[in-house]
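Below are the chains, spelled out letter by letter.
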Amino acid sequence: MQASTPGPAPERAADARLALADPRATDLDDAFPAAPAPSRRELRVRAAVLAAIVLLAAALRFIGLNWDEGHMLHPDERFVTMVTGAVQFPANPWDYFDTEKSTLNPYNRGFGTFAYGTAPLFFVRALADLSGTRELLLLGRGVSALADIGTVLMLFLLGCRLFSWRIAALACLLVAVTPMHIQQAHFYTMDSIQVFLVMVALYFAVRVAQQGDPRDYALLGVFYGLATASKISAATFGLVVVAACAVRAWYNWDARRRVFGDAPAALVGAGRPVVLTEHGSTGSAAPRHPSRVVELLAAIETPLAGCLLALLLAAIVFRIGQPYALQGPNLWNVGLNPKYVADMTGWQKISTGEIDQPPSVQWANRTPYVYALEQMVRWGMGVPLGLAAWSGVIA
């Protein structure tokens, strides 16, 4: 049970850690009433501001979608479009995980390399089959544009949860006019789709750290798996998954430590009664103090289980979305596909300069860090977002 009388609003952050008297509780925010709900007028203002930003983002991403008039001037999306047209869903569904036989596997359709994730590829191929369209390039670009608009929306939700709706709206506006986002939304590549999926996963990671609801752990794992199946570089997001669960565990442990430490005395001294269950009694009597090991195990039990659930679901989703990274022929055959490993190794060497490729020439004889920073702020992010972002990092 919890302290019966909340303190004034300014004391909320300090008192929340002292309010719990039941160590089984996991969400200290329940100790105090939520902030007053916004009025209808304020909700309409928020909705209007968000709608205006989303419309701006949509216009900047959909106008000029056929910018090259079908000539496929972007080499990456030309290749992805060719692969999309070549792969087919297997007639026998059991062949889906059969790396050697599946007609969805780019390696089986005459392509010796495919450095991208296959989840977006399968999605666009499915949309084309369902709609009957042959305009795969424009269809893929439309998916990229919608995904980037989704990124703007997810940023708003994340900003509202972490800060305020005004800060969230400002962040959305800056991203809506970011040149790199606008440019990538006009390409049928995996980048905009991956960023959207990572943003969704990040949103649920924050929810895990703040609340720890089982559904948040599950959805965190699902979207982490989808992001990795869109582009393998998203695998590093696993560090965020672990960090979010660790924050939740620390929050639980800190709450228990304070409850069994100086919390009762502090609250009673402030004239606030503490109501305890079987762990103690009301008044100044302190609750029975469990061992540190018991406290630690109780604090990490749920976050640890949630972390394992998220990682397990991510692995399953990756297995479904990127099936040909593994050998098959069944779902449970999870040995790495040698062709995929060799493909990724080759592209890694290209990125490090061990293998020379024309697109990498732009990085030769450049000032380390300074060149990348200039490209990021001046051309990639744009001056408004670039200055805002780096000011936040420095501050």
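First, a word on what this report is: a plain description of the structure on this page. (Residues numbered from 1 in each chain as written. Predicted model: local features only at pLDDT ≥ 70, side-chain atom pairs only at ≥ 80, totals over all residues. Heavy atoms only, no water.)

## Let's talk about the packing of aromatic side chains
Taken as a whole, this structure holds 13 aromatic pairs when the rule is applied. Note on Phe 79 and Phe 114: the rings are 6.1 Å apart at their centroids and 35° apart in plane angle, and the pair reads as tilted. Of this pair, Phe 79 sits in helix H3 (residues 75–86) while Phe 114 sits in the loop between H3 and helix H4 (119–131), and the two are 35 residues apart along the sequence. A residue is classified by how much of its surface remains accessible, and Phe 79, at 21% relative accessible area, is partly exposed. Judged by centre distance (5.3 Å) and plane angle (35°), the ring pair of Trp 250 and Trp 253 falls under tilted. In this pair, Trp 250 and Trp 253 are both assigned in helix H10 (residues 238–260), three residues apart and thus about one turn of the helix distant. Given a relative accessible area of 53%, Trp 250 falls into the exposed group. The class for Trp 253 is buried, based on a relative accessible area of 19%. (Phe/Tyr/Trp six-rings, centres within 6.5 Å; stacked < 30°, edge-to-face > 60°. Helix = DSSP H or I, 4+ residues; strand = E, 2+ residues; numbered from the N terminus. Buried < 20%, exposed > 50% of the residue type's maximum accessible area, 1.4 Å probe, protein only.)

## What to know about unusual backbone geometry
Peptide bonds are trans in most cases, and residues, glycine excluded, mostly fall at negative phi. The omega torsion across Gly 328 and Pro 329 is 10°, close enough to zero to call that bond cis. Its identity is not glycine, yet Tyr 369 carries a phi of approximately 70°, on the positive side. With respect to the helices, strands and loops of the structure, Tyr 369 is situated in the loop between helix H13 (338–352) and helix H14 (370–381).

## So, the pattern of salt bridges
Here the structure, examined in full by the defined rule, presents 10 salt bridges. For the salt bridge of Glu 42 with Arg 46, the shortest nitrogen-to-oxygen distance reads 2.8 Å. With Glu 42 and Arg 46 both in helix H2 (residues 40–62) and four residues apart, the pair spans about one turn of that helix. The partly exposed category is assigned to Glu 42, whose relative accessible area is 28%. The residue Glu 77 makes a salt bridge to Arg 141 at a minimum N-O spacing of 2.4 Å. Separated by 64 residues along the polypeptide, Glu 77 in helix H3 and Arg 141 in helix H5 (residues 136–162) bring together distant segments of the chain. Overall, the relative accessible area of 0% leaves Glu 77 in the buried class. A single salt-bridge network, built from bridges that share partners, covers Asp 68, Glu 77 and Arg 141. (Salt bridge = Lys/Arg side-chain N within 4 Å of Asp/Glu carboxyl O.)

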